[in-house]
Amino acid sequence: MAVRCGLKRPTPACRPRTHTTHRTPMKTDSSANQAAAFGGRRQSLIEDARRERGGLPVGPPGHPKTVDGNVFEEKEGRATLNLLFALSSEKNSGFFKTGKIFEVMKVTFEAKLLHMESRPGKNSKNSTSDLEFFIKCEVHSSDVDVFINSLRRVVDNVKYTPEEKVPWFPRQIKELDRCNLLITKFDPDMDKDHPGYTDQEYRKRRAFISELAFRYKQGDLLPEVEYTAEETATWREVYKKLRSIYPKLACRQFLDGLQQLERECGYGEERIPQLRDVSAFLKEKTGFQLHPVAGLLSARDFLASLAFRVFQCTQYIRHSSAPMHSPEPDCCHELLGHIPMLADKEFAQFSQEIGLASLGASQEDIEKLSTLYWFTVEFGLCKQNGTVKAYGAGLLSSYGELVYALSNEPEYKPFNPEETAVQPYQDQTYQPVYFVSDSLEDAKIKLRKYSATIERPFAVRYEPFTCAVDVLDQPSKIVNELRRLREDLKTLQGALEKLSSS
């Protein structure tokens, strides 16, 4: 939801989920074609890799394997690897060599790609072309050393990174600059199904706007984009069509937020709002602020940002040839779907609590939380005055699905986080199932109870004065928090006593 998830249908995209069947940023159909093309070279690649191994030991099946000093335990004859590598534009012509990676992984070694993420290289001078990749994959235990050396033939600086018991997460808001793992799926430079794939001017425009996001650091002045007449016309068409059905189908909180944005932030048909203005508006209303992002983020990084009341927001707009279709989140989805709801204090708290629950969580729990995000923040429905209304951004930024979701066609289920977290989702067409909360407050209470079941050796608390996360992993820290809460309760008790005596 892409929490951002690219939607291959005539709706705006939403935040990604991390299920391995969906999160692979390179299209599976492309890899299948590459597999057929490169199949004949499997044996030669293995032989080349073995010649370059440098005497790395190969143990019998069932024994631990050592590569570069790292030990891999065999499980049913397979080993799971976490690898980092670089893909330099000068050496590899951007993504041109991705076919070679698939050749090594899928054809030569029958490796199973579980997860893949990209980000600008740490020491790169060109943040849009010099990339660093993280992959999690599964290979035959007996092929581990040969597999790694085969990768070294086609990419740079292959490094093993161990699985962390508690994954890193930001403690201070400035550390969100490290939460920049991009999912390359649905990039117009890669995806032939993208509406802008054959439009060179659109791709240049996207690259320019993406570069603004790459350069941004937390605390900088948000960049402004001077939108073209064509981009504004696309926004106008989307805004006008959706605005006509909001009064009947959108929840009260959304309508209140949109009206405020129209009065105070320049929302309307004639101009695309600037992130700088919208962020200032949200900061005053609910403490949320915006952070420009170049595309789809990994679910872990996106959710971590929510913990700090920071919403990662795109600035580019969908291609003009398909104003009612976007395979990825664009500014129509963000500004129309998400922002009005984030202006509501209750919903802002709901969003932040999903983020706080994600900090330090296992990958399995991240997948469940991102599924919860999908069926609430993106596609959630709630009851108001005996009628079902939409509060999810994926619905509120999609004319077709908003009408469909509030018709008699789909199945409704009551929102139950345990069930929702494992519900299969649909990203190729409209959802067959939507979850309905009795109210937004009800959804927040249920989510809070669910979050308490996530196994972590600590608890976290957000400190709004310093914009930092306190990790409660020691008795002394918990005692200090209890002391602070007692002082707050005394203040509230004093206020009640004054009211009762007046």
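An account of the accompanying structure is given in this report. (Residues numbered from 1 in each chain as written. Predicted model: local features only at pLDDT ≥ 70, side-chain atom pairs only at ≥ 80, totals over all residues. Heavy atoms only, no water.)

## Notes on the overall build of the chain
So, point 1. When helices and strands are tallied, the chain shows 20 helices and 16 strands.
So, point 2. Here the chain holds 502 residues, and the buried ones make up 57% of them.
So, point 3. Accessible surface for the chain amounts to roughly 22400 Å². Of this, 50% is attributable to carbon and sulfur atoms. (Helix = DSSP H or I, 4+ residues; strand = E, 2+ residues; numbered from the N terminus. Buried < 20%, exposed > 50% of the residue type's maximum accessible area, 1.4 Å probe, protein only. Areas by Shrake-Rupley, 256 points an atom, 1.4 Å probe, with all protein chains shown as cover.)

## Here we look at helix 6 (residues 144-152)
So, point 1. Where burial is concerned, most of helix 6 is hidden: eight out of the nine residues are buried.
So, point 2. All of the buried residues along helix 6 are Val 144, Asp 145, Val 146, Phe 147, Ile 148, Asn 149, Ser 150 and Leu 151.

## Comments concerning the nonpolar core
So, point 1. In terms of nonpolar packing, the biggest core is built from 86 residues, with Tyr 246 and Tyr 267 touching the most fellow members.
So, point 2. Apart from residues lying up to four places away in sequence, Tyr 267 is in contact with Tyr 239, Leu 258, Leu 261, Glu 262, Pro 273, Val 278, Leu 335, Leu 336 and Ile 339.
So, point 3. Ranked by size, the runner-up nonpolar core spans 25 residues in total, among them Ile 101, Val 104, Ile 135 and Val 154. (Core = buried A, V, L, I, M, F, W, Y, C linked by side-chain atoms within 4.5 Å. Contact = heavy atoms within 4.5 Å.)

## Considerations on empty space enclosed by the protein
So, point 1. The calculated volume of the second largest cavity comes to roughly 30 Å³.
So, point 2. Partitioned by chemical class, the residues of the lining of the second largest cavity number three nonpolar, four polar and two charged. (1 Å grid on protein atoms, 1.4 Å probe; cavity = no way out; pocket = protein on both sides within 12 Å on 5 of 7 lines; lining within 4 Å. Points joined across faces, edges and corners; volume = space filled by probe spheres on them. Nonpolar A, V, L, I, M, F, W, Y, C, P; charged D, E, K, R; others polar.)

## Remarks on the pairing of strand 15 (residues 459-463)
So, point 1. Judged by how many residues are buried, strand 15 sits mostly within the fold: four of five residues are covered.
So, point 2. Of the strand pairs in this sheet, strand 15 and strand 16 (residues 468-472) are connected by five bridges, and their pairing is antiparallel. Residue pairing in the sheet places Tyr 462 in a bridge with Val 469 of strand 16. (Pairing = 2+ DSSP bridges.)

## Notes on the environment of Gln 349
So, point 1. By the secondary structure assignment, Gln 349 is in helix 14 (residues 345-358).
So, point 2. The spatial distance from the C-alpha of Gln 349 to the C-alpha of Glu 441 is 9.9 Å, given a sequence separation of 92 residues.
So, point 3. Other than its neighbours up to four places away in sequence, Gln 349 contacts Arg 309, Lys 444 and Arg 448.

## Some details on the state of the cysteines
So, point 1. For the structure on display, the rule yields zero disulfides.
So, point 2. Counting only cysteine sulfurs, Cys 382 is the nearest neighbor of Cys 251, a cysteine outside any disulfide, at a range of 5.0 Å. (Disulfide = S-S within 2.5 Å.)

## Remarks on the sheet that holds strand 14 (residues 433-437)
The pairing of strands in a sheet comes from backbone hydrogen bonds and takes either a parallel or an antiparallel form.
So, point 1. The mixed open sheet is built from four strands, whose spatial order is 12-11-14-13. In this open sheet, the two strands that pair with only one neighbour each are strand 12 (387-390) and strand 13 (411-414). Between one strand axis and the next, the sheet turns by 40 degrees as a mean value, whatever way the strands run.
So, point 2. Where strand 11 (residues 381-384) lies against strand 14, two bridges are found, and the strand directions are parallel. Bridged to Leu 381 within strand 14 is Val 436. (Axes fitted to C-alpha atoms, helices over the stretch in contact; angles between N-to-C directions.)

## Brief notes about the packing of helix 8 (residues 229-243) against helix 13 (residues 331-342)
So, point 1. Closest axis-to-axis distance for the helix 8/helix 13 pair is 11 Å, and the angle between their directions is 30 degrees. Considered as vectors, helix 8 and helix 13 are oriented roughly parallel to each other. Regarding helix 8 and helix 13, the two cross each other, and that crossing is right-handed. From helix 8, Trp 235, Val 238, Tyr 239 and Leu 242 reach across to helix 13, where they touch Cys 331, Cys 332, Leu 335 and Leu 336.
So, point 2. In the contact of helix 8 with helix 13, the residues fall into eight nonpolar, no polar and no charged. (Parallel < 35°, antiparallel > 145°, perpendicular 65-115°, else oblique. Left-handed = near helix turned anticlockwise from the far one by under 90°.)

## Examining the pattern of salt bridges
So, point 1. For the coordinates displayed, the defined rule picks out 24 salt bridges.
So, point 2. When the shortest N-O distance is used, the salt bridge between Glu 211 and Arg 215 registers 3.0 Å. Of this pair, Glu 211 and Arg 215 both sit in helix 7 (residues 200-215), four residues apart, which is roughly one turn of that helix.
So, point 3. For Arg 215, a relative accessible area of 59% gives the class exposed. (Salt bridge = Lys/Arg side-chain N within 4 Å of Asp/Glu carboxyl O.)

## Focus on the pairing of strand 7 (residues 131-140)
So, point 1. Within strand 7, seven of the 10 residues are buried, leaving the element largely enclosed by the surrounding structure.
So, point 2. By the bridge criterion, 10 bridges tie strand 5 (residues 78-87) to strand 7 in an arrangement that is antiparallel. Each residue of the ladder has a partner; that of Leu 81, found in strand 7, is Cys 137.

## A short note on unusual backbone geometry
So, point 1. Phi is positive for Asn 385, which is not a glycine, with a value near 55 degrees.
So, point 2. Assignment of secondary structure puts Asn 385 in the loop between strand 11 and strand 12.
So, point 3. The backbone phi angle of Cys 467 is positive, close to 50 degrees, even though this residue is not glycine.
So, point 4. Judged by its relative accessible area of 17%, Cys 467 is buried.

## A look at a nonpolar patch on the surface
So, point 1. Residues Ile 478, Leu 482 and Leu 485 make up a contiguous nonpolar surface patch of about 240 Å² in total accessible area.
So, point 2. Position of Leu 485 relative to the elements: it lies in helix 20 (residues 475-501).
So, point 3. The partly exposed category is assigned to Leu 485, whose relative accessible area is 40%. (Patch = residues over 30% accessible without salt bridge, like charges linked within 9 Å, V, L, I, M, F, W, Y side chains within 5 Å.)

## So, the packing of aromatic side chains
So, point 1. Considering all chains together, one arrives at 15 aromatic pairs under this definition.
So, point 2. Each ring, one from Trp 374 and one from Phe 379, has its centre 5.0 Å from the other, and the planes form 40 degrees; the classification is tilted.
So, point 3. Judged by its relative accessible area of 0%, Phe 379 is buried.
So, point 4. Among the aromatic residues, those joined into a cluster by ring pairs are Trp 235, Tyr 239 and Tyr 267.
So, point 5. The lysine or arginine in question, Arg 203, covers the ring of Tyr 197, its NZ or CZ lying 5.2 Å from the ring centre.
So, point 6. Over the aromatic face of Tyr 316 sits the side chain of Arg 206, whose NZ or CZ is 3.6 Å from the ring centroid. (Phe/Tyr/Trp six-rings, centres within 6.5 Å; stacked < 30°, edge-to-face > 60°. Lys NZ or Arg CZ within 6 Å of the ring centre and 35° of its normal.)

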